[in-house]
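Listed here are the chains, written in short residue letters.
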Amino acid sequence: MLTIIKNPVKLLLVLFGLFYFHNSQAYKNNLSRPIDGIEGTDELIKQGSELFAANCASCHALKGKVVGPALEGVIDKYEEDYAWLNAWIKNSQKLVKSGDERAVAIYNEYNGQAMNVFENLKDEEITSILMWIDNGGDGDAPVASSETNTASDQPVFNESLFNNINWAIVLLSFLIFLIIIMIFGILELVSNVTGREVINWNNINAFMMLVFLVGFFGLVIFEYTIHSKYLLPESASEHGIEMDKMMRWTWIATLPVFFITQFLLFFFSFKYRQKPGRKAYFLSHNNNLEYVWTLIPAVVLAILVSGGFKMWNKILRSDDSKNAKQIEVFAYQFGWNARYPGEDGKLGKANYNLINGINPLGVANREHATELIKELKEDISSMEITISKIPKELAKLKSTLGGRVGEDRENHLKKIHSYESGDVENDLRLTIRARNTQIERLTGALKTNEGSMFTGEGDDDQVVQEIHLVKDQPIRLKFRARDVIHSAYLPYFRTQMNVVPGLPTEFTFTPIKSTEEMRTIKGDPGFDYYLICNKICGNAHFNMKMKVVVEDEASYNKWINQQTGLFAKEKNNEGEDDENSTPENEILAIN
């Protein structure tokens, strides 16, 4: 060992070997084939893992359906057609509109639920995601091949036996319950025959009150001792420290009341149970008691609530918010996007009418708006052609009805009915009207000079898949939503704010503990902060999260310099106004 330390070349080789071993364990390369002509590497698989977590994990898993189908074996399913997979992942709706049979089949299978558009992903990034999927995730288990021996010395889990045991337990419990009811019935009959009470239910109920009291308190204490380790540690934000103090004072004020009132409730039920010769004392009212149990809670609650109002006003009206760096957080089903200002330090305006595959946040850019208008017009032309082909499509559906049975026939009849009833044509015409309205709004906004959203401030904005913050520097998070109400929750920063479509909200806080510091505090080297959704927003709500990194300023600057502007190519063309443009009265509502 001393020889290795004294020889720097050997030491370097040992360190390199340890580093390589660590990374090989983190991402085991089990690929047995190239993906889209590219050989798999640990670096590409790691990149695919990160991209999958940021873009796909909210709706997909390798095994098991989430919102969309399981992705294991997707390459073989589509016969290694990488061109089609790239086109589908980037813009599934474009494929559906083109009439692609596979795309239409998937679209119909999921009842017209469209997949998110990912035109911002490059071909090589999609390849890395497919590489990660074909590798079996992070490579914890080798990908199965035809030569793999599936036999194992391990015992095979018999799911059928497990289900049978469960049903046997349920049936046995039901029978025991019936036997208990029958015993009570027999005792009731004995009481009626003998004329005296066999069981004094009043005493039994009274003593059960004591048993329940002891058991209830025991469970409360047991629950706290078991799950107290899951309570959040010391706050990682400046205002969170004060909030934690408020929470402690709330516990101090309420816990004694909880234990005293619950004890008296059950103890009095035991002590003052009905007995022969005992008569209850009737008390109409007592002013002193009314004063005590009204004024004391009112005073305590007034103190707690006033402290809460004071803290809330301090958070929302903090002087730090004036100098805080602004970041926009954009919520959608089921994921998050974040937008950082570019070199100008200002977030550009945004509008939901500008949202498409390459502009998921609808950031205002003149060139993008012009291209989007062309795209919308092409979309309208395509739908008008589809409307003209409805009679032909209906005839085709009717001609292919014969020979279908069961559910297949039922679904086919429903499709025929949707055409005959005019639902298909009405849906297309409503969509065309919406597209025309969108075109009118964008055209009007492009012609408007005064108060225009196209100021150029958003051209260098950077859309990222994770949030980076600088320790001890205030940050203002500005929230928007695309579809339904979400709730942005950062538990370690004691921050939560509803994210409402059409109603921007914001929250300012100062992180005081870096990610590395919190890892040390928790004793967990794999810990990360996460932004999660705390409002049930759909069937993949549980998987809606975004990684948050708190670091020093040097690390933050290194990361932010690696990000590119959303409209970097269009930046040099910004500011060219049409001399013949005339102001319009219509102004788009900023979402």
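Residues numbered from 1 in each chain as written. Predicted model: local features only at pLDDT ≥ 70, side-chain atom pairs only at ≥ 80, totals over all residues. Heavy atoms only, no water.

Within the chain, the secondary structure is distributed over 19 helices and 10 strands. For the chain, the residues scored as buried account for 33% of the 591 residues in total. Contacts spanning at least 24 positions in sequence make up 72% of the contacts within the chain whose residues lie at least 6 apart. A total of about 37,600 Å² of accessible surface is found on the chain, and carbon and sulfur atoms cover 59% of it. (Helix = DSSP H or I, 4+ residues; strand = E, 2+ residues; numbered from the N terminus. Buried < 20%, exposed > 50% of the residue type's maximum accessible area, 1.4 Å probe, protein only. Contact = heavy atoms within 4.5 Å. Areas by Shrake-Rupley, 256 points an atom, 1.4 Å probe, with all protein chains shown as cover.)

Okay, unusual backbone geometry next. With an omega of 0°, the peptide bond running from Gln-333 to Phe-334 counts as cis. Tracing the backbone shows Phe-334 in the loop between strand S1 (325–332) and strand S2 (335–340). At Asp-472, a position not held by glycine, the phi torsion is positive, near 70°. Despite not being glycine, Arg-494 has its phi angle at roughly 50°, a positive value. In this structure, Arg-494 sits in the loop between strand S6 (486–490) and strand S7 (495–499).

On to the environment of Asn-543, then. Considering the arrangement of structural elements, one finds Asn-543 in the loop between strand S9 (529–533) and strand S10 (545–551). For Asn-543, a relative accessible area of 22% puts it in the partly exposed group. Between the C-alpha atoms of Asn-543 and Cys-59, which are 484 residues apart in sequence, the distance is 7.8 Å.

Before going further, it helps to examine the nonpolar core. In this structure, Trp-336, Ile-467, Tyr-529 and Leu-531 are the most contacted members of the largest nonpolar core, which totals 42 residues. With 4 residues, strand S5 (residues 475–481) is the largest single contributor of residues to this core. One finds Cys-56, Ala-57, Leu-71 and Ile-129 within the second-largest nonpolar core, a separate group that totals 29 residues. (Core = buried A, V, L, I, M, F, W, Y, C linked by side-chain atoms within 4.5 Å.)

Before going further, it helps to examine the pattern of salt bridges. Throughout the structure, instances matching the rule amount to 19 salt bridges. Here Glu-371 ties to Lys-374 by a salt bridge, and the two come within 3.8 Å at their closest N and O atoms. Taken together, the residues Glu-371 and Lys-374, both in helix H14 (residues 366–388) and 3 residues apart, mark about one turn of the helix. What makes Glu-371 partly exposed here is its relative accessible area of 48%. (Salt bridge = Lys/Arg side-chain N within 4 Å of Asp/Glu carboxyl O.)

Another aspect to go through is the pairing of S7. Burial of the side chains of S7 is restricted to one face: Thr-495, Met-497 and Val-499 are buried, whereas none of Gln-496 and Asn-498 on the reverse face is. Strand direction decides the pairing type here: S6 and S7, joined by 5 bridges, are antiparallel. If you follow Tyr-489 over to S7, its bridge partner there is Gln-496. Joining the antiparallel neighbours S6 and S7 is a turn of 4 residues, in which Arg-494 adopts a positive phi near 50°. (Pairing = 2+ DSSP bridges.)

Of the residues in the chain, 84% have a pLDDT of 70 or more, and the chain-wide mean is 81. Every residue in residues 18–25 is under pLDDT 50, and counting partners more than four places away or in other chains gives 1 contact. Within the model, pLDDT remains below 50 along residues 570–591, and this stretch shows 45 contacts once partners closer than five positions in the same chain are excluded. (pLDDT = per-residue confidence, 0-100.)

This brings us to helix H12 (residues 287–316). Look at H12: 42 Å from first C-alpha to last across 30 residues, which is about the 44 Å you get at 1.5 Å a residue. For H12, the capping residue at the N-terminal end is Asn-286, with a side-chain oxygen 3.0 Å from the backbone nitrogen of Asn-288. (Expected span 1.5 Å × (residues − 1). Polar contact = N/O pair within 3.5 Å; in protein donor to acceptor, adjacent residues only side chain to side chain.)

Moving on: helix H15 (residues 390–399). When H15 is considered as a whole, its buried residues turn out to be Ile-390, Leu-394 and Leu-397. Around the axis of H15, the buried residues are gathered within 60° of arc, so they sit on the same side. In H15, the exposed residues that point more than 90 degrees away from the buried face are Pro-391, Lys-392, Lys-396 and Ser-399. Lining the buried residues of H15 we find H14, helix H16 (406–420) and helix H17 (423–447). (Arc of directions from axis to C-beta.)

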